[in-house]
Amino acid sequence: MKKFLLGTVALVAMAATVPAFAADLGARTYTKAPAYVAAPIYNWTGFYIGGHVGGAFVGDDSIGTGATRGSDGTFLGGVQGGYDYQFAPNWVLGVEAQYSWLDQGTDPVLVGPYSFSDKQKGLGSVTGRIGYTWGPALLYAKGGYAFADYDTTVTLGGIGAAVSSKSDGYTVGAGLEYLFAQNWSGKIEYQYYDFGNVDFGGFSFKNDEHVVKAGLNYRFNWGGPVVAKY
């Protein structure tokens, strides 16, 4: 009986000391759960306007035997504007209008008995484009209607001669655009313009241009980038 009483007293004493011991250890430090990581998904949907600079180069510069147009590059600068729509979710569909002013001389070329000169003053286009985006980059192709502003003159013995040409045609191209800020993107682009043939006095040559340019766009993306939380 004595052993039983002594054991009971010992258990009660031990039970009384455990809370005190736990209090001496101090309260557990609260650790805040890790915050969600927000990853931006770049949004190309919206209107944009911008400008560009570059160079234009004559395509087929052969006119007749022993005669060629000047093949030196011509400086150009211009403006563009358009609208893009992102879907599916990495594809972008858009439409764009642009115009480029050219700084091209009018040095005449002798073609047989004719004196020929061609001053290219501007190139314009209205195109559709489709692209694939990953992160802030967009790789795209484009194509559509093109028009040219140019003066072509042909003289024979100092007298004007008949010339057949047109100022509208088609264009195709491709480029890479990059969103470097919420509302700003830069691009590099190649574009080919074809306006058919220029014919006079039994001579004919293709009226086309190769254009390489760099541009800057301001994008009216009022909603900003879409954000996904993980």
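One can find the structure itself at the top, above this paragraph.
Calculation notes
- Residues numbered from 1 in each chain as written.
- Predicted model: local features only at pLDDT ≥ 70, side-chain atom pairs only at ≥ 80, totals over all residues.
- Heavy atoms only, no water.
- Pairing = 2+ DSSP bridges.
- Helix = DSSP H or I, 4+ residues; strand = E, 2+ residues; numbered from the N terminus.
- Buried < 20%, exposed > 50% of the residue type's maximum accessible area, 1.4 Å probe, protein only.

**Q** Describe in detail the pairing of strand E2 (residues 46-58), supporting the description with residues and values.
**A** Relative to strand E5 (residues 74-87), E2 is paired through eleven bridges, and the arrangement is antiparallel. Bridging from a neighbouring strand, Phe 47 pairs with Tyr 83 of E5. Pairing of E2 with strand E13 (residues 203-220) involves twelve bridges; the strand directions are antiparallel. The residue of E13 that forms the bridge with Val 53 is Ala 214.

**Q** Quick one: what's the story with the pairing of E5, residue by residue and with numbers?
**A** Alignment of E5 against strand E6 (residues 91-102), held across twelve bridges, turns out to be antiparallel. By the bridge assignment, Val 79 is partnered in E6 with Tyr 99. The turn linking E5 back onto E6 is made up of three residues, and Ala 88 within it adopts a positive phi angle of 70°.

**Q** Tell me about unusual backbone geometry, residues and numbers included.
**A** Apart from glycine, the bulk of residues carry a negative phi angle, and the bulk of peptide bonds sit in the trans form. Following Ala 88, the chain continues to Pro 89 via a peptide bond in cis, the omega torsion being -20°. Positionally, Pro 89 belongs in the loop between E5 and E6. Although it is not a glycine, Ala 88 adopts a positive phi angle of roughly 70°. The topology assignment puts Ala 88 in the loop between E5 and E6. On the basis of relative accessible area, Ala 88 is assigned to the exposed category, the value being 63%.

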